[in-house]
Number of protein chains: 2
Amino acid sequence: MTTQNNHRIVLASRPVGEPTAGNFRLETTPIPTPAAGQVLLRTLYLSLDPYMRGRMSDAKSYAEPVAIDAVMVGATVSRVVSSQHPDFAEGELVLAQGGWQEYAVSDGTGLFKLGQLAQPSLALGVLGMPGFTGYMGLMDIGQPKAGETVVVAAASGAVGSVVGQVAKLQGCRVVGIAGGAEKCRYVVEELGFDACIDHHAKDMAAQLAAACPAGIDVYFENVGGAVFDAVLPLLNTKARVPLCGLISQYNATEQPVGRDRLSLLMTELLKRRIRMQGFIIFNDYGPRYPEFFKVMSAWLAEGKIKFREDRVQGLAAAPAAFIGLLKGKNFGKLVVQLAD
Amino acid sequence: MTTQNNHRIVLASRPVGEPTAGNFRLETTPIPTPAAGQVLLRTLYLSLDPYMRGRMSDAKSYAEPVAIDAVMVGATVSRVVSSQHPDFAEGELVLAQGGWQEYAVSDGTGLFKLGQLAQPSLALGVLGMPGFTGYMGLMDIGQPKAGETVVVAAASGAVGSVVGQVAKLQGCRVVGIAGGAEKCRYVVEELGFDACIDHHAKDMAAQLAAACPAGIDVYFENVGGAVFDAVLPLLNTKARVPLCGLISQYNATEQPVGRDRLSLLMTELLKRRIRMQGFIIFNDYGPRYPEFFKVMSAWLAEGKIKFREDRVQGLAAAPAAFIGLLKGKNFGKLVVQLAD
């Protein structure tokens, strides 16, 4: 232990539009004492993910908002520091919902034992919620077939990189969309996508159309906005659109003024017989996590799936890193390291 | 035969907004002579259906538009008048794509033998494309479970009446939406829906919410527009929205001005993990038509499914009847009787 106190970050106020540093507050509290049936967890790595923006708002959503003055939620890789729970021993590594703090107490619910994972932080990325999201949404809703064209945005990110690589393993043509030349180069050269379009390009839509000469059969949606506008005209008959996120919309405070395209979208879904389906990974597929973990672990061991981690140091760095995540400033899966 | 000539209705011009009588032209032509391998068909009943509005436009869609000066497309119940085809005998009744005309020639492709159907026109309604659409979209995409709430608009119509009655057979709570008190009374009293809302009512959205105290699990979409706006807030987590038509939009010439709700719709699909899926019945489910025909025939024989036909007389009445259909003026499945 590096400290006798617990440091934690709470939600100080709800953001309007983009979150700011002032929406968060770093606090010092005593380390909690586990009761009978509980374990004390030390956070080693905290995951930062776009969905957290939703939890900062009190708009009705699929999950309860974080209360004002409550600890920000988040998945963690944690070590059992002390245990009064028969199933967990001191020193074990677990995947937990530890939140944005150094120490947390748990009654064991939802803890997933990580065993001897060579790089434990992967349980927050390629082997964790983002990888599970990409894999399951692509395979179960997207149902890619060899020779089809799969498009995914945020292609260098934690979810998109898995979607594209798994689609390549299914024999698909895979086109990514990412922010900037460096990310696009990584997506094609390292991850093996067939093409990658820079979403900053003024002619992004034309570039995407050129990269998808046979149209798009699966669009894995995690960004929305201008990217979706470019994708929609290219969707083929019987296309599938798994919908796991809309990061471009999370900071929006109101709907844009102009033509109301709600009916246009429905008309296109009808004419081209498209399936669009939202999903929330652990709500919809929770029981299949161990199955995914096994499959992905094997792919990683065989070198079939690559990944990139964007690691920042120390709890205090979390708010700025999270704000940057919503702007696409990270390059790879964003995690905060709190301890070794 | 009542005439030595064929009468037919061709597309004279493409409508802008609502079709008018001037978009159609009644022509007199010689009765065609079947060649070897062909049959000559006499139209007994012509089906009028909302999808025909789409075929009158040259906007890109799932099917080729009707060419200017070409016969309007449409399903027919027809009798084989003379046959040079080994599989068809004079006098047989078939379901055909005879179009808006008294006589048609066919090489047998796509003809479905109706046998000794007591009321042949049902092959255009409850036993035909509309019934098949309602049954398959509900069962395959909607996947209703006992105790769930199913909502369908145009509830007294050819598709909606089947959706609701089949959903009742699955043990669902069923709420219809229809135009006017008479249709609503029919939907509840004759078809056995649990409730029916008049879409002319100013407080339609509030009435719908009151009729769906447990939210909506399946919304079978065939109208769009204001009805969908009322449905969207009521859709439950994991709701399914089979999408087979958007009749309220077919005459629209442009998207309405206002807030662009395209992202709003996607956000709701995401948050509530909703599946929305367009389908075109014979493209998606064609091979299952005989299976449907058997199931629905049994239900009809057992009195489990009721239906209502709105029959007009003579080919010349077709354009006005079709224009009325798009305004909801029909009451039940709209067919034109051309001969006995």
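Cut-offs and rules
- Residues numbered from 1 in each chain as written.
- Chains lettered and ligands numbered in written order.
- Predicted model: local features only at pLDDT ≥ 70, side-chain atom pairs only at ≥ 80, totals over all residues.
- Helix = DSSP H or I, 4+ residues; strand = E, 2+ residues; numbered from the N terminus.
- Buried ≥ 20, exposed ≤ 12 C-beta atoms within 10 Å, placed from the backbone.
- Contact = placed C-beta atoms within 7 Å.
- Domains from an automatic or database assignment.
- Nonpolar A, V, L, I, M, F, W, Y, C, P; charged D, E, K, R; others polar.
- Arc of directions from axis to C-beta.
- Pairing = 2+ DSSP bridges.
- Axes fitted to C-alpha atoms, helices over the stretch in contact; angles between N-to-C directions.
- Parallel < 35°, antiparallel > 145°, perpendicular 65-115°, else oblique.
- Left-handed = near helix turned anticlockwise from the far one by under 90°.
- Least-squares fit on C-alpha atoms with pLDDT ≥ 70 in both.
- pLDDT = per-residue confidence, 0-100.

Let's shift gears to the overall build of chain A. Tallying secondary structure elements over chain A gives 10 helices and 16 strands in all. C-alpha atoms of chain A, sized along the principal axes, occupy 60 × 45 × 35 Å. In chain A, which comprises 340 residues, the proportion classed as buried is 47%. In chain A, once contacts between residues fewer than 6 apart in sequence are set aside, the share between residues at least 24 apart is 65%.

At the junction of the two partners, chain B supplies 34 residues and chain A supplies 34 residues. Elements represented by at least two residues in the side of chain B that touches chain A include exactly strand S13 (257-259), helix H7 (262-271), strand S14 (275-278) and helix H8 (281-285) of chain B. The dominant element in the side of chain B that touches chain A, judged by the number of residues it contributes, is H7 of chain B, at 9 residues.

Residues and elements named next belong to chain A. You can read the domains of chain A as domain 1 (5-125 + 308-337) and domain 2 (129-282). Centre-to-centre separation of domain 1 and domain 2, based on C-alpha positions: 28 Å. Listed by partner, the interface residues are 16 residues for domain 1 and 13 residues for domain 2. Here the side of domain 1 that touches domain 2 is composed, by residue class, of 6 nonpolar, 5 polar and 5 charged.

Along an α-helix, a turn takes 3.6 residues, which lines up residues three or four apart on a common side. Residues and elements named next belong to chain A. Of all the positions in helix H4 (residues 181-189), only Lys183, Cys184, Tyr186 and Val187 are classed as buried. One face of H4 carries all of its buried residues, which in axial projection span an arc of 160°. Seen from the buried face of H4, the exposed residues on the opposite side, beyond 90 degrees, are Ala181, Glu182 and Glu189.

One can find Leu262 of chain A in helix H7 (residues 262-271). With 25 C-beta atoms counted inside 10 Å, the residue Leu262 of chain A sits in the buried group.

Another aspect to go through is helix H10 (residues 318-325) of chain A. All names here are of chain A. Residues of H10 that are buried include every one of Ala318, Pro319, Phe322 and Ile323, and no others. Taken around the axis of H10, the buried residues stretch over an arc of 130°, which confines them to a single face. Looking at the packing, one finds that the buried side of H10 touches strand S1 (5-11), strand S2 (24-30), strand S3 (39-47), helix H1 (52-56) and strand S16 (333-337).

On the basis of which strands lie adjacent, the open sheet formed by 12 strands has the order S10(A)-S9(A)-S8(A)-S11(A)-S12(A)-S14(A)-S14(B)-S12(B)-S11(B)-S8(B)-S9(B)-S10(B) and mixed pairing. Strand pairing shows two members of the sheet lacking a second neighbour, strand S10 (195-198) of chain A together with strand S10 (195-198) of chain B, which therefore form its edges. Ignoring which end each strand starts from, the neighbouring axes of this sheet average 15° apart. Bridge count between strand S8 (residues 149-152) of chain A and strand S11 (residues 216-220) of chain A: 3 bridges; the pairing is parallel. Opposite Val151 of chain A, over in S11 of chain A, you have Tyr219 of chain A as the bridge partner. Lying on the sheet, helix H2 (residues 129-142) of chain A is in contact with S11, strand S12 (235-243) and strand S14 (275-278) of chain A; it crosses S12 of chain A at an angle near 140°.

Moving on: the packing of H2 of chain A against helix H3 (residues 160-169) of chain A. Residues and elements named next belong to chain A. Orientation of H2 relative to H3, taken along the N-to-C sense of each, is 40°, at an axis distance of 8 Å. Taken together, the axes of H2 and H3 lie oblique to each other. As for how H2 packs across H3, the hand of that crossing is right-handed. In this structure, H2 uses Pro130, Gly131, Gly134, Tyr135 and Leu138 to contact H3, whose residues at the interface are Gly160, Val162, Val163, Val166 and Ala167. Of the residues contributing to the contact of H2 with H3, the split by class is 7 nonpolar, 3 polar and no charged.

Right, let's talk about the packing of H2 of chain A against helix H9 (residues 289-301) of chain A for a bit. The axes of two packed helices give the description: the angle between them and the distance between them. Residues and elements named next belong to chain A. Closest axis-to-axis distance for the H2/H9 pair is 10 Å, and the angle between their directions is 95°. Between H2 and H9, the angle is such that the two are roughly perpendicular. Taken together, the residues of H9 that come into contact with H2 (itself represented by Gly131, Phe132, Tyr135 and Met136) are Tyr289, Phe292 and Met296.

Residues and elements named next belong to chain B. Bridge count between strand S4 (residues 76-83) and strand S5 (residues 93-96): 4 bridges; the pairing is antiparallel. Bridge pairing in S5 links Ser78 to Val94. By the bridge criterion, 2 bridges tie S5 to strand S7 (residues 112-113) in an arrangement that is antiparallel. Pairing of Leu95 across the sheet is with Phe112, part of S7.

The next subject is the relation of the copies chain B and chain A. When chain B is fitted onto chain A, the two copies agree to an RMSD of 0.0 Å after a turn of 180° and an axial shift of 0.0 Å. What the superposition gives is, in effect, a two-fold axis relating one chain to the other. Mapped onto chain A, 100% of the interface residues of chain B again fall at the interface, so both copies present the same surface.

Before going further, it helps to spend a moment on the environment of Ala67 of chain A. Residue and element names in this part refer to chain A. Tracing the backbone through its elements, the reader meets Ala67 in the loop between H1 and strand S4 (76-83). Given 10 C-beta atoms within a 10 Å radius, Ala67 is considered exposed. Residues Ala67 and Ala12 lie 55 residues apart in sequence; the distance between their C-alpha atoms is 9.1 Å.

Moving on: the confidence of the model for chain A. Model confidence for chain A is summarised by a mean pLDDT of 94, while 99% of its residues fall at 70 or above. Predicted complex, confidence summary: ipTM 0.88, pTM 0.90.

Time to look at unusual backbone geometry. All names here are of chain B. Residue Ala154 is not a glycine yet carries a positive backbone phi of 50°. Looking at the element boundaries, Ala154 is found in the loop between strand S8 (149-153) and helix H3 (160-169). Positive phi, normally seen in glycine, also occurs at Arg273, with a value near 55°. Overall, the presence of 19 C-beta atoms within 10 Å leaves Arg273 in the partly exposed class.

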